[in-house]
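Coordinate inspection notes
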Amino acid sequence: MTEAPHTGELALDIRGLTRRFREVTAVDDVTLTIPRGEVFGLVGPDGAGKSSLIRMLATVLAPTSGDALVFGRSVVKEAHAVKPRIGYMSQAFSLYGDLTVRENLDFFAELRGVPRREMAARAERLLEFSGLTEFQKRQAQFLSGGMKQKLALAATLISEPDMLFLDEPTTGVDPVSRREFWRIIAGLHRQGITVFVATPYMDEADRCNEIAFMAQGRIILRDTPTGMKKRVPGRVVEIAVSDYRAAMPVLKRLSYVRSIEVSGEMLRTLVDCEDDGACEGEMRALLSSSGLVVEHVRPTATDLEMAFATLIPSVDLPERDDRAAGPEVPE
Amino acid sequence: MRMPWNPQQPESCVPDSLVHSDDAIVVSGMRKSFGDFAAVDGIDFTVKKGEIFGFLGPNGSGKTTTIRMLCGVIEPTGGGARVMGYDICSQAELVRANIGYMSQKFSLFQDLTVDENLKFYAGIYGLSAAKFAERRGYILEMADLRGREKELTGNLSVGWKQRLALGCATIHEPRLIFLDEPTSGVDPTARRHFWELLNELAAGGVTLFVTTHYMDEATHCNRLAFIYRGRIIAAGTPHEIKDELARDTILQVEVADGEGALAALEGEPGIKEAYMQGAMLHVNVGERSAAEADLPSRLGSAGFRVLGTDRVEPTLEDAFVHLVGKQGGRA
């Protein structure tokens, strides 16, 4: 993403936002500001509270305490003023399968109170923008998964929001369709729309201007993707070896190997040692003497997966089921 | 052709001559049409016993329809398959008894406890009391669910649910398991843990048939087949599939405005393919070295700030984009 223009204005100003469901605190005193025009990524383990946070920001879930200002208006006291400026695509966003692509857009336009004289122009522009023009007469149920997601996004954009909340919009979508979806987001970014997106894909998080790591209801870190990678304690060494499964226990014996992750057919190890090649040499020798054929052992760049694995405390928490809390209301 | 005079004993749909004793799955000319639409359009492939076999393809390309046929849930409209030696047309019941199945949507009862879910699946597969006790112990251990036997499944974290679902799918110790997007929407750490379990099963000789949209997971598979619009367009080991791009040069470009640079490059001479890979721009310049040398200056003179250019080994993700592009299409 290009850098967001520094207008100084905040799109989001979250102040101590908290949501409890019975004894579970799903969102725990979150304070966060997001400048206007950014693509901001929300990343965290399942059950971290990401969806509950987004639902409060989108004014469909009432906070237990705290508040959030969207373009200066309170989601608690001025939801009516927030709603016209935002679009929200939930995980459960549903289209009408027996309506055509175009009919779905018209339906959401009406629902969001788009003036009738503007409806046709907007629908056409969005169809073009999302690459769905040639499919506009197709029933939504016959679209591929990737196209359905694009139509859902187009429907969310029909009210021309200044801020978009997207809750895992590309889950279960193939790599090519995900790219197309992110091209659309990049286009929105160029138009100055602020995007707040939760995603389980680290390559998507890497494309955001900034990201926040959320765990156990709290924002534990907020930084640029580059900054997050710099926070990883240690260096990353990539190892290509004849049998990576056999190599793992061998490498675990080394005291400076903090963690090992499998990446494709290669291993990525996080090591706590000097950048002088000594550790690489020792790893290579140890693997060879264990009867493995070593293709390479070399330092490599840290990625967000590694940041995720090392910076977020791994706790197997019970999932918060906030769906029980109230019905999903589109408006 | 089915024999109308003997509906109780339909003919087998794969000749014995095609099936070898080390084959877990043999698919031959398998087809499934819904009206005019051929969801699966005559596919052939073989899965060897003990393999982790990855089945890839864009959304709506026929993956789930294929799995449902292989599980003996729906009948093909042409051709067929042998699964663990049983014919899916004439022995569907035996197929179902000898496989395990886990889908993207957890096949668990949320309002039953962990133990009740296990009992339910043990009942379906007719396990004896002694066998159940043994399998229950094994699964609770494997899924790290000891002490949570009485907990409501709905209250478990996604990671636990996923492991419990795997346990239920394997309670009858099938030698072949179908996993349909088992890690969709799951965070990176939980995905890694889940694959450790799959690797353990595979090490025990169980055949795994997996669909996934995560290309890093696909790289863990022994062999892959790639389905697109109902046809297999590529098959082989991850290496063989990446060889598709062996003669091409792929450049990874770090540029301030990736999407902008991408738009500027598309359709330009010497540029075979260009797309975003995370925050990086990937450019396939084909076999032409001229384009490789030119690229930074070309982008520079178009006003894009290039921060670095690297020649990179093609990944499966690159191959996926390439294969879909080669079919002339969008996902």
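Conventions adopted
Residues numbered from 1 in each chain as written. Chains lettered and ligands numbered in written order. Predicted model: local features only at pLDDT ≥ 70, side-chain atom pairs only at ≥ 80, totals over all residues. Heavy atoms only, no water. Helix = DSSP H or I, 4+ residues; strand = E, 2+ residues; numbered from the N terminus. Buried < 20%, exposed > 50% of the residue type's maximum accessible area, 1.4 Å probe, protein only. Contact = heavy atoms within 4.5 Å. Areas by Shrake-Rupley, 256 points an atom, 1.4 Å probe, with all protein chains shown as cover. Lys, Arg positive; Asp, Glu negative; His and termini not counted. Charge placed at Lys NZ, Arg CZ, Asp CG, Glu CD. Buried area = accessible area lost by both parts, 1.4 Å probe. Polar contact = N/O pair within 3.5 Å; in protein donor to acceptor, adjacent residues only side chain to side chain. Nonpolar A, V, L, I, M, F, W, Y, C, P; charged D, E, K, R; others polar. Domains from an automatic or database assignment. Disulfide = S-S within 2.5 Å. Pairing = 2+ DSSP bridges. Axes fitted to C-alpha atoms, helices over the stretch in contact; angles between N-to-C directions. Salt bridge = Lys/Arg side-chain N within 4 Å of Asp/Glu carboxyl O.

1. Focus: the overall build of chain B
On a plain count of helices and strands, chain B comes out with 11 helices and 14 strands. Each of the three principal axes of chain B carries a C-alpha extent, and together these read 75 × 55 × 35 Å. Split into buried and exposed, the 331 residues of chain B put 55% on the buried side. Within chain B, contacts between residues separated by at least 24 positions form 70% of all contacts whose residues are at least 6 apart in sequence. For chain B, the computed accessible surface area is about 14,000 Å², with 49% contributed by carbon and sulfur atoms. Here chain B carries 34 positive and 44 negative side-chain charges, and the mean point of each set is 4 Å from the other.

2. Description of the overall build of chain A
In terms of helices and strands, chain A carries 11 helices and 14 strands. C-alpha atoms of chain A, sized along the principal axes, occupy 75 × 45 × 40 Å. For chain A, the proportion of its 331 residues judged to be buried stands at 56%. Expressed as a percentage of contacts within chain A between residues at least 6 apart in sequence, the contacts between residues at least 24 apart total 71%. Carbon and sulfur atoms make up 49% of the accessible area of chain A, which amounts to about 13,800 Å² in all. Once the 41 positive and 48 negative side-chain charges of chain A are each reduced to a mean point, those two points are 3 Å apart.

3. Quick word on the interface of chain B and chain A
Quoted interface sizes are often the accessible area lost when the parts come together. Counting residues at the interface gives 49 residues for chain B, matched by 46 residues for chain A. Here chain B meets chain A over a buried area of about 3,900 Å², counting both sides, of which 47% is carbon and sulfur. Taken together, the connections running from chain B to chain A amount to 12 residue pairs in polar contact (both at pLDDT 80 or more). Broken down by secondary-structure element, the contributors of at least two residues to the side of chain B that touches chain A are helix 5 (158-169), helix 6 (188-203), helix 7 (215-218), helix 8 (238-243), helix 9 (258-265), strand 12 (273-277) and helix 11 (316-326) of chain B. The greatest single-element share of the side of chain B that touches chain A, amounting to 6 residues, is contributed by helix 6 of chain B. A per-class count over the side of chain B that touches chain A returns 20 nonpolar, 16 polar and 13 charged.

4. Concerning the domain arrangement of chain A
Considered domain by domain, chain A is made up of domain 1 (10-229 + 314-325) and domain 2 (233-301). Summarising the inter-unit geometry, the C-alpha centres of domain 1 of chain A and domain 2 of chain A are found 39 Å apart.

5. Considerations on the state of the cysteines
Scanning all chains against the criterion turns up 2 disulfides over all chains. Cys273 of chain A shares a disulfide with Cys279 of chain A; S-S distance 2.3 Å. Cys279 of chain A matches Cys273 of chain A in its accessibility class, with the two residues each being buried. The thiol sulfur of Cys221 of chain B is not disulfide-bonded, and the nearest other cysteine sulfur, from Cys71 of chain B, lies at 17 Å.

6. Quick notes on the environment of Ala235 of chain B
Residues and elements named next belong to chain B. Tracing the sequence through the fold places Ala235 in strand 10 (residues 231-236). Residues Ala235 and Leu201, 34 residues apart in the sequence, show an inter-C-alpha distance of 23 Å. Setting aside chain neighbours within four positions, we find Ala235 in contact with Leu224, Ala225 and Ile241.

7. A look at the environment of Ala169 of chain B
All names here are of chain B. Within the secondary structure, Ala169 is located in helix 5. By relative accessible area, Ala169 is classed as buried at 4%. Along the chain, Ala169 and Gly50 lie 119 residues apart, while their C-alpha atoms are 17 Å from each other. If we ignore the near neighbours within four places in the chain, the residues touching Ala169 are Gly100, Tyr101, Met102 and Pro174.

8. Some points on the sheet that holds strand 6 (residues 99-102) of chain B
Residues and elements named next belong to chain B. Within the open sheet, the 6 strands sit side by side as 6-7-8-3-9-10. Their pairing is mixed. The sheet is open, and its two borders are formed by strand 6 and strand 10, each paired with just one other strand. Adjacent strand axes in the sheet meet at a mean angle of 15 degrees, parallel and antiparallel pairs treated alike. Where strand 7 (residues 176-180) lies against strand 8 (residues 207-211), 5 bridges are found, and the strand directions are parallel.

9. A short note on the side chain of Arg235 of chain A
Residues and elements named next belong to chain A. Counting through the fold element by element, Arg235 comes out in strand 11 (residues 235-241). The buried category is assigned to Arg235, whose relative accessible area is 15%. For Arg235, the side chain forms a polar contact with the main-chain oxygen of Cys273, separated by 3.3 Å. Here Asp275 takes part through its side chain, which lies 3.5 Å from a polar atom of the side chain of Arg235. Apart from residues lying up to four places away in sequence, Arg235 is in contact with Thr269, Leu270, Val271, Cys273, Glu274, Asp275, Glu280 and Pro299.

10. Thoughts on the sheet that holds strand 8 (residues 194-198) of chain A
Residue and element names in this part refer to chain A. With mixed pairing, the 6 strands of this open sheet are ordered in space as 6-7-8-3-9-10. Each edge of the open sheet is held by one strand with a lone partner, namely strand 6 (86-89) and strand 10 (218-223). Adjacent strand axes in the sheet meet at a mean angle of 15 degrees, parallel and antiparallel pairs treated alike. Across 4 bridges, the pairing between strand 3 (residues 39-43) and strand 9 (residues 210-215) is parallel. By the bridge assignment, Gly41 is partnered in strand 9 with Ile211.

11. Things to note about the pairing of strand 8 of chain A
All names here are of chain A. Counting buried positions along strand 8 yields 5 of 5 residues, so the element is predominantly enclosed. Burial along strand 8 is two-sided: Thr194, Phe196 and Ala198 facing one way and Val195 and Val197 facing the other are all buried. As judged from the 4 bridges shared by strand 3 and strand 8, these two strands associate in the parallel manner. Across the sheet, residue Phe40 finds its bridge partner in strand 8, namely Phe196.

12. Some thoughts on the pattern of salt bridges
Between side chains of opposite charge, pairing is possible as soon as their charged atoms come close. Evaluation of the coordinates by the stated rule reveals 51 salt bridges over all chains. One salt bridge connects Glu78 of chain A with Arg73 of chain A, and the closest N-O pair in it is separated by 2.8 Å. In this structure Glu78 of chain A comes out as partly exposed when scored by relative accessible area, which is 22%. For Arg73 of chain A, a relative accessible area of 36% puts it in the partly exposed group. Between Arg148 of chain B and Glu151 of chain B there is a salt bridge; the shortest N-O distance is 2.9 Å. Arg148 of chain B sits in the partly exposed class, given a relative accessible area of 26%. One salt-bridge network, in which partners are shared between bridges, spans Glu261, Arg268, Asp303 and Glu305 of chain A together with Arg191, Arg192, Asp216 and Glu217 of chain B.

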